[in-house]
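In case you want the letters, here they are:
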Amino acid sequence: MVNNGLHVHVPVSVIILTKNEEQDLPMCLAALSWTDDVHLLDSGSEDKTIEIAESYGLKISYNPFESFGKQRNYALDNIEVKYDWILFLDADEVCTPEFINAVNRVVADSPEDVAGYYCCWKMMLEDTWLKRCDSFPKWQFRLLRKGRANFTDFGHGQKEGEVQGKIEYLKEPYLHYSFSKGWTQWIARHNKYSSDEARDRLNKKPPFRNIFSSNTSVRNPALKSWVSGMPGWPLMRFVYSYILKLGFLEGAPGFIICANMAYYEFLIQIKIRELKKGKG
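In what follows, the accompanying structure is described. Model, not experiment: these values are computed from the prediction. Positions within a chain are numbered from 1, following the residues in the order the chain's sequence is written. Local features in this predicted model are restricted to residues of pLDDT 70 or higher, and side-chain atom pairs are both shown and tallied only at a pLDDT of 80 or more, whereas totals for entire chains, interfaces and linings draw on every residue. As a rule here, side-chain values cover all heavy atoms of the structure and leave hydrogens and water aside.

In this chain, Phe 136 is followed by Pro 137 through a cis amide linkage whose omega measures 0°. A run of DSSP states H or I qualifies as a helix once it reaches four residues; a run of E qualifies as a strand once it reaches two. Both are numbered from the N-terminal end. Considering the arrangement of structural elements, one finds Pro 137 in the loop between strand E9 (128–129) and strand E10 (140–145).

Written out as structure tokens, the structure is:
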């Protein structure tokens, strides 16, 4: 790969989780020529996902999907990667040259006591970066040393589980096209996600003191769990993102995402109410 005039090869293995990702996978793979070790962990695709992966020469594994945390742990336990560093991506995520350079620097220079890195993304809708609406930066544990960490589930996603060492922050973002499959798919997916979030926000509610933690992986699950019980929280979520965070400056895409995220929080709130009544 030629990156800013330099030939770049980064000693990092990439693992991509997929199910029916024929639309987004080519975009993700086209930005991965900087590594020669890309693995696809599929959970039963019925479209051309596997055909596309084979055309790129990917190493393909299969495992039924239960949750993101369990799927990532399966990958860590069962996929034989080439390098000591592993980057997890989803098919709708794209590495930029700047992100690749940042990854290259940290894997070369990180002290041995660093087990991995939180990574952040630029949320994209209609070629607009939703910096304000999505409260950039948000962090997920995605880059880790082999054998030094695993994952645990929370809500519809995952966070770091057992970690041997420190987790640092990689501040250069990648691109995330979460809305690429259209709003019908997004709404159906987030209807399911809201059920997972409701159960965990109710049953795995972290201590209130975690809200004040400087570690976002500790603070955010606690914050989500506690604000879910506030009357009118979905409306407050919209006002916070669209008005107080200046999301209106991001045009129609900003309004669309703020309205939909408020709706998502509304779904979570009414499902928590349902669970409390014993109907969920």
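Right, picking up where we left off after that structure.
Another point: the packing of helix H7 (residues 233–244) against helix H8 (residues 251–276). The interhelical angle for the contact between H7 and H8, taken along N-to-C directions, is 155°, at an axis separation of 8 Å. Judged by the inter-axis angle, H7 sits roughly antiparallel to H8. When the axes of H7 and H8 are compared, the crossing they make is right-handed. Two secondary-structure elements touch here, H7 through Trp 233, Pro 234, Arg 237, Phe 238, Ser 241 and Tyr 242 and H8 through Gly 254, Phe 255, Cys 258, Ala 259, Met 261, Ala 262, Glu 265, Phe 266 and Gln 269. Broken down by class, the residue content of the contact of H7 with H8 amounts to 10 nonpolar, three polar and two charged. To define axes, lines are fitted to C-alpha atoms, for helices over the stretch in contact only, and angles between the resulting N-to-C directions are given on a 0 to 180 degree scale. Here is the rule for angles: anything less than 35 degrees is roughly parallel, anything more than 145 is roughly antiparallel, 65 through 115 is roughly perpendicular, and the remaining ranges are oblique. Crossing handedness is read from the near helix: turned anticlockwise from the far helix by less than a right angle, it gives a left-handed crossing, and turned clockwise, a right-handed one. Any two residues whose heavy atoms approach within 4.5 Å are treated as being in contact. Side-chain classes are defined by residue name, with Ala, Val, Leu, Ile, Met, Phe, Trp, Tyr, Cys and Pro counting as nonpolar, Asp, Glu, Lys and Arg as charged, and the others, Gly among them, as polar.

Stacked, edge-to-face and tilted labels apply to pairs of Phe, Tyr and Trp rings (six-membered ring for Trp) whose centres lie within 6.5 Å, assigned for plane angles under 30 degrees, over 60, and everything in between, in that order. Counted by the stated rule, this structure contains 18 aromatic pairs. Geometrically, the ring pair formed by Phe 99 and Tyr 174 is edge-to-face, given 5.5 Å between the ring centres and 75° between the ring planes. Of the two residues, Phe 99 sits in helix H4 (residues 97–109) while Tyr 174 sits in strand E13 (residues 166–176), which places them 75 residues apart along the sequence. Accessibility assignment for this pair places Phe 99 and Tyr 174 in one class, buried. Here Phe 179 and Trp 186 contribute two aromatic rings whose centre-to-centre distance is 6.2 Å and whose plane-to-plane angle is 40°, an arrangement assigned as tilted. The buried label goes to any residue with under 20% of its type's maximum accessible area, the exposed label to any with over 50%, and the partly exposed label to all in between, with areas taken from a 1.4 Å probe on protein chains only.

Put simply, a salt bridge is a Lys or Arg side-chain nitrogen that is within 4 Å of an Asp or Glu carboxyl oxygen. The tally for this structure, following the rule as stated, stands at 19 salt bridges. In this structure, Asp 37 and Lys 59 form a salt bridge, with 3.2 Å as the shortest nitrogen-oxygen distance. Of the two residues, Asp 37 is situated in the loop between helix H1 (25–30) and strand E4 (38–42) and Lys 59 in strand E5 (residues 59–62); the sequence distance between them amounts to 22 residues. Taken together, the shared-partner salt bridges connect Arg 72, Asp 90, Glu 93 and Arg 142 into one network.

Only residues whose relative accessible area exceeds 30% and that form no salt bridge are eligible for patches; like-charged ones are grouped when within 9 Å, while nonpolar side chains (Val, Leu, Ile, Met, Phe, Trp, Tyr) are grouped when within 5 Å. Shrake-Rupley sampling with a 1.4 Å probe provides the accessible areas, and residues are treated as covered by the protein chains on show and by no other component. A contiguous nonpolar patch, built from Leu 235, Val 239, Tyr 240, Ile 243 and Leu 244 and spanning about 480 Å² of accessible area, is present on the exposed surface. With respect to the helices, strands and loops of the structure, Leu 244 is situated in helix H7. Overall, the relative accessible area of 61% leaves Leu 244 in the exposed class.

Taking burial as the measure, the five residues of E4 include five buried ones, the bulk of the element. Of the two faces of E4, both are covered, the one formed by Val 38, Leu 40 and Asp 42 as well as the one formed by His 39 and Leu 41. Paired strands, as defined in this entry, are two strands with at least two bridges between them according to DSSP. Sheet topology places strand E3 (residues 12–18) next to E4; five bridges connect them, and they run parallel. The residue bridging Leu 17 from the neighbouring strand is Leu 41, located in E4.

So, on to the state of the cysteines. A pair of sulfur atoms, both from cysteines and within 2.5 Å, is called a disulfide here. Inspection of the entire model under this criterion finds zero disulfides. Of the cysteine sulfurs around Cys 119, a residue in no disulfide, the closest is that of Cys 120, at 7.4 Å. Residue Cys 119 is classed as buried on the basis of its relative accessible area of 0%.

The next point concerns the side chain of Asp 90. Along the polypeptide, Asp 90 turns up in strand E6 (residues 85–90). Residues adjacent in sequence count toward polar contacts only when both atoms are side-chain atoms; beyond that, a polar contact is any pair of N or O atoms within 3.5 Å, and within protein one must be able to donate a hydrogen and the other to accept it. Polar side-chain contacts of Asp 90 include one of 3.5 Å to the side chain of Arg 72. The contact partners of Asp 90, leaving out residues within four places of it in the chain, are Ile 16, Leu 17, Cys 28, Arg 72 and Arg 142.

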